[in-house]
Amino acid sequence: MSEHARDRFDLVPDAAAEVAFLDAFGKDRLHHAWLLCGPEGSGKATFAFRAARRLLGAAPDPSRGPLGTSPEDPVARLVTARSHPDLLVLERAVEGGKTKKSISVDQARELPEFFSKSPSQARYRVAIIDAADDLNLNAANALLKVLEEPPERGVLFLVTHAPGRLLATIRSRCRRLAFPVWPLHALEELVRNRTGVSSAEAARIAGMAGGSPGRALALASGATLEADQLAQAWVSAPSVDRAEALAVADKFRGPEGQDRFETLMDRLSAAVKVRALEEGASGARWADLWSRLSELPDRTAAINLDRADVLAGALADLQRVKAGGG
């Protein structure tokens, strides 16, 4: 499973955003709500936890960037352990090994109660919503009530991949910080420094990451690279080894199996997309397959399909396309 944003200390998502936040903090002009905007994986949640640790009193560690703190700092340790009394994090709940589709109104109703109390250990109480895009309508309205009456010594961080989907009344009450995609050279350097892979491999991973540092680091993990290599082999080979596919599908059970399934389907979809682009005008069949594969993980989760059966169907589709069929 990928590293959670609360556990990242050495990744600086955007130094300019951190300096802007520190400037407001230092001049006692700290806005009560911050809308963190940018593509998924661009470091918004990582920033939110870095800023939260500072607001909660963690000592600065400049070697780790403008908002850097040491993972050994007592405040940071409480945040990592999910036990800091002045921090509330709202994410999609996991039940029975499955992640819910949205953040519920019951979760959002925790916000007024949380902010109604004075900070117990820090100067501020801090809430992180990751992502605000996942709030259902009732939950969004519950959040709006908090924003309409800003809590004293309270700060909210709203992570959003698509700010246009949020209520305009929510957007208007927040200060916006934008997190742009990273250039290739920065992603390559990040991957090399964090993983020690070769320059050629770092360049390949950076090219697949779409400007996202989080995605680059996920792709650089051994499991993701293995899935990528397997997907590329399946797309380029005349046929797929059925025994190999069955062995892969056997690892799809449980929550970790869901991660393996989604990672493999993501890399298979990416490999098919590359093939479609290589085929050019004659790549319509590959483009159609890519479109179908891209929808499979969400569809599988929505109606609880068997992951092994989904993979078998995807590979059968792949074989038909390679054979010249639809």
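Computed from a predicted model, the values in this text were never measured in an experiment.

Quick notes on the rules
Residues numbered from 1 in each chain as written. Predicted model: local features only at pLDDT ≥ 70, side-chain atom pairs only at ≥ 80, totals over all residues. Heavy atoms only, no water. Helix = DSSP H or I, 4+ residues; strand = E, 2+ residues; numbered from the N terminus. Axes fitted to C-alpha atoms, helices over the stretch in contact; angles between N-to-C directions. Parallel < 35°, antiparallel > 145°, perpendicular 65-115°, else oblique. Left-handed = near helix turned anticlockwise from the far one by under 90°. Contact = heavy atoms within 4.5 Å. Nonpolar A, V, L, I, M, F, W, Y, C, P; charged D, E, K, R; others polar. Pairing = 2+ DSSP bridges. Buried < 20%, exposed > 50% of the residue type's maximum accessible area, 1.4 Å probe, protein only.

Before going further, it helps to spend a moment on the environment of Pro238. Residue position: Pro238 is located in the loop between α11 (222-236) and α12 (242-249). Considered as a pair, Pro238 and Ala323 are 85 residues apart in the sequence and their alpha carbons are 8.7 Å apart.

Next up on the list: the packing of helix α1 (residues 15-26) against helix α2 (residues 44-55). Viewed as axis vectors pointing N to C, α1 and α2 meet at an angle of 25°, and their least axial separation amounts to 11 Å. Here α1 is positioned roughly parallel relative to α2, judged by the angle of their axes. Crossing of α1 against α2: the hand is right-handed. For the pair α1 and α2, the contacting residues are Ala17, Glu18, Phe21, Leu22 and Phe25 in the first and Phe47, Arg50, Ala51, Arg54 and Leu55 in the second. Across the contact of α1 with α2, the residue classes tally to seven nonpolar, no polar and three charged.

So, about the sheet that holds strand β7 (residues 175-178). By definition, the strands of a sheet pair up through backbone hydrogen bonds, in either a parallel or an antiparallel sense. Ordered by their spatial adjacency, five strands build an open sheet running β2-β5-β6-β1-β7, and the pairing between neighbours is parallel. Each end of this open sheet is capped by a strand with a single partner; those strands are β2 (87-90) and β7. Strand-to-strand twist in this sheet, taken as the mean axis angle between neighbours without regard to direction, amounts to 15°. Of the strand pairs in this sheet, strand β1 (residues 33-37) and β7 are connected by four bridges, and their pairing is parallel. Residue pairing in the sheet places Cys37 in a bridge with Ala178 of β7. Along the sheet, helix α6 (residues 137-148) makes contact with β1, β5 (125-130) and β6 (154-160), crossing β6 at roughly 140°.

The next thing to look at is the pairing of β1. Counting buried positions over the five residues of β1 gives five, a clear majority of the element. Alternating residues of β1 divide into Ala33, Leu35 and Cys37 and Trp34 and Leu36, and every residue in both groups is buried. In this structure, β1 lies alongside β6, joined through five bridges in parallel fashion. Residue pairing across strands places Cys37 opposite Thr160, the latter belonging to β6.

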